[in-house]
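Each chain, written out:
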Amino acid sequence: MKKYVKFNKEKILIVNKKYKLSRFFNPKKLNKELLIQYDKMWRQAQEDKINLHIVSGYRSYKYQQKLLKEYLRVDNIENIKKYLAMPGYSEHQTGLAIDLVNTESKLIKKHHKEYKWLYHNSYKFGFILRYPKGKKLITGYKYEPWHFRYVGKNLAKELYNNGDYLTLEEYFQLNNKKR
Ligand SMILES: [Zn+2]
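Every value quoted in this text rests on a predicted model; they were computed, and no experiment measured them.

Rules used throughout
- Residues numbered from 1 in each chain as written.
- Predicted model: local features only at pLDDT ≥ 70, side-chain atom pairs only at ≥ 80, totals over all residues.
- Heavy atoms only, no water.
- Donors = N, O, S within 2.8 Å, 3.2 Å for Na, K, Ca; no water.
- Helix = DSSP H or I, 4+ residues; strand = E, 2+ residues; numbered from the N terminus.
- Buried < 20%, exposed > 50% of the residue type's maximum accessible area, 1.4 Å probe, protein only.
- Expected span 1.5 Å × (residues − 1).
- Arc of directions from axis to C-beta.
- Contact = heavy atoms within 4.5 Å.

Student: Just to check I follow, could you spell out the coordination of the zinc ion for this structure?
Tutor: Working reference: metal with six octahedral donors, ideal angles 90 or 180 degrees; metal with four tetrahedral donors, ideal angle 109.5 degrees. Here the zinc ion is held by the protein donor atoms His92 (NE2), Asp99 (OD), Asp99 (OD) and His147 (ND1), which lie 2.0 to 2.8 Å from it. One chain supplies every donor for the zinc ion, spaced along it as H-x6-D-x47-H. One end of the pair, His92, is in the loop between α3 (77-83) and β6 (97-101); the other, His147, is in strand β8 (residues 147-150), and 55 residues separate them in sequence. For His147, a relative accessible area of 3% puts it in the buried group.

Following this line, the structure appears as C-alpha cells:
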C-alpha cells in the first residue's frame, strides 16, 4: 500500500484509503497551529451563540490498532473495515483532524445549527469539511458532517469557494495520478 502524500509547496498531508501513515508517524497531540485557529473559531462561534466541542482529536496508530483488536473479538475484518479506519489510514493520526459535537454532546449533523455555522465559517479559520455529501467515491468516506480537517486559511478558502467544499483528492487530482 502506498505511503502518505505530502505536498511540499502547500505542506498538505494527505491520508485516505489509498495513502497511509507509517506506525512511526506519531505527533502525539493535535497540531499547534490547528489549536490556535480552533480557539479563535470557538470564540467567534460563542459570539454567534454556537457551542462547539472537540470530541475526538489526535488518535495514535497504536490506539487504532487497539480498537481493531477489540472489534476483532466480536466481528470479522470485512465488516469492521466498513466502520473503522485501519491503523495508518485514519486522518486523526495526523493531528490535523477533529470531530465536533454540539452542546448536547451530539456529533454534528446536517440539520444542526452548528453545522450550518461551521459550513460557512470554518474555512475562515483554516478548516474544511473533509468528507462532504456525495463524495464517497472520491474521498472513500461517506458524508461526515462532524469531521473537520485543518489545512490552513488559504487552501480552506479556495476549497470553500469552489462550491460545496472541493475535496483534497479533487484539488490535488489524486485519483487521476499514478504515484
Ligand atoms: Zn473524524
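Picking up after the structure, the text goes on.
Student: Would you mind showing me how to read helix α2 (residues 61-72) here?
Tutor: Owing to its 3.6 residues per turn, the α-helix brings residues three or four apart onto one side. If you check α2, its first and last C-alpha atoms are 16 Å apart, about what 12 residues at 1.5 Å a residue would give, namely 16 Å. Where α2 is concerned, the buried positions are Tyr61, Gln64, Leu67 and Leu68. Down the axis, α2 shows its buried residues gathered within 125° of arc, on one side only. Among the exposed residues of α2, those oriented more than 90 degrees off its buried face are Lys62 and Lys69. On its buried side, α2 packs onto β4 (19-20) and α3.

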